[in-house]
Amino acid sequence: MKATSRLVQRGTDSIILNTQIPSGTIDATVVLGSSVDAIPERDYPDGDGKIHVSLIQKASKAAKEVAEVLQGARNGDIVIFICQTAKTYDMACLALGYDNSRTVFDAQ
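Residues numbered from 1 in each chain as written. Predicted model: local features only at pLDDT ≥ 70, side-chain atom pairs only at ≥ 80, totals over all residues. Heavy atoms only, no water.

Quick notes on the sheet that holds strand S3 (residues 24-32)
- Strand order in the open sheet made by the 5 strands is S1-S2-S3-S5-S4, with mixed pairing throughout. Across the chains shown, the open sheet's two edge strands, defined by having one partner strand only, are strand S1 (4-10) and strand S4 (51-56). Averaged over all neighbouring strand pairs, the angle between strand axes comes to 20°, with direction disregarded.
- Summarising the sheet, strand S2 (residues 14-21) and S3 pair through 8 bridges and their orientation is antiparallel. (Pairing = 2+ DSSP bridges. Helix = DSSP H or I, 4+ residues; strand = E, 2+ residues; numbered from the N terminus. Axes fitted to C-alpha atoms, helices over the stretch in contact; angles between N-to-C directions.)

Below, the structure is given as structure tokens:
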């Protein structure tokens, strides 16, 4: 599934993205950790959207796992990807259409 994302907020071990998918706009959080305890506390948008949480353990399967979650996501939903390693974190960001390795200086 084609996704494009825009950075909303960057934390120590997390990133919040505004993500466009064919079914609409979703709120995506990618976090480095191994359990739901890793999810950063924040205010999530009110609405009728569902929350989808996925644990990504292997970088080689990250793109497929992100795509599977996005297939079930609809406009207004919140998706959270808990990634066990830095590599799975980066791969999840790429699958969401966001290159985590870029900096503000790359755009100049």
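There is more to say, and it comes next.
Some points on the side chain of threonine 19
- Position of threonine 19 among the secondary structure elements: in strand S2.
- Among the polar contacts made by the side chain of threonine 19, one reaches the side chain of serine 5 at a distance of 2.7 Å.
- Setting aside residues no more than four positions away along its own chain, threonine 19 makes contact with Ala3, Thr4, Ser5, Gly24, Thr25, Ile26, Ala28 and Leu96. (Polar contact = N/O pair within 3.5 Å; in protein donor to acceptor, adjacent residues only side chain to side chain. Contact = heavy atoms within 4.5 Å.)

Quick notes on the nonpolar core
- Grouped together as the largest cluster of nonpolar side chains are 21 residues, with contacts concentrated most on Val30, Phe81 and Leu96.
- Among the elements of the structure, S2, S3, helix H1 (62-72), strand S5 (78-83) and helix H2 (86-95) are those that each provide at least two residues to this core.
- Looking at this core, the element that brings in the most residues is H1, giving 4 residues.
- The contact partners of leucine 96, leaving out residues within four places of it in the chain, are Ala3, Thr4, Ser5, Leu17, Thr19, Ala28, Val30, Val66, Leu70 and Phe81. (Core = buried A, V, L, I, M, F, W, Y, C linked by side-chain atoms within 4.5 Å. Buried < 20%, exposed > 50% of the residue type's maximum accessible area, 1.4 Å probe, protein only.)

Some words on the packing of H1 against H2
- One way to put it is that H1 packs onto H2 with a least axis distance of 8 Å and a crossing angle of 45°. Of the possible angle classes, the one that applies to H1 and H2 is oblique. In this structure, H1 meets H2 at a crossing whose hand is right-handed. Of the residues in H2, those touching H1 at Ala62, Ala63 and Val66 are Thr88, Met91, Ala92 and Ala95.
- Counted by class, the contact of H1 with H2 contains 6 nonpolar, 1 polar and no charged residues. (Parallel < 35°, antiparallel > 145°, perpendicular 65-115°, else oblique. Left-handed = near helix turned anticlockwise from the far one by under 90°. Nonpolar A, V, L, I, M, F, W, Y, C, P; charged D, E, K, R; others polar.)

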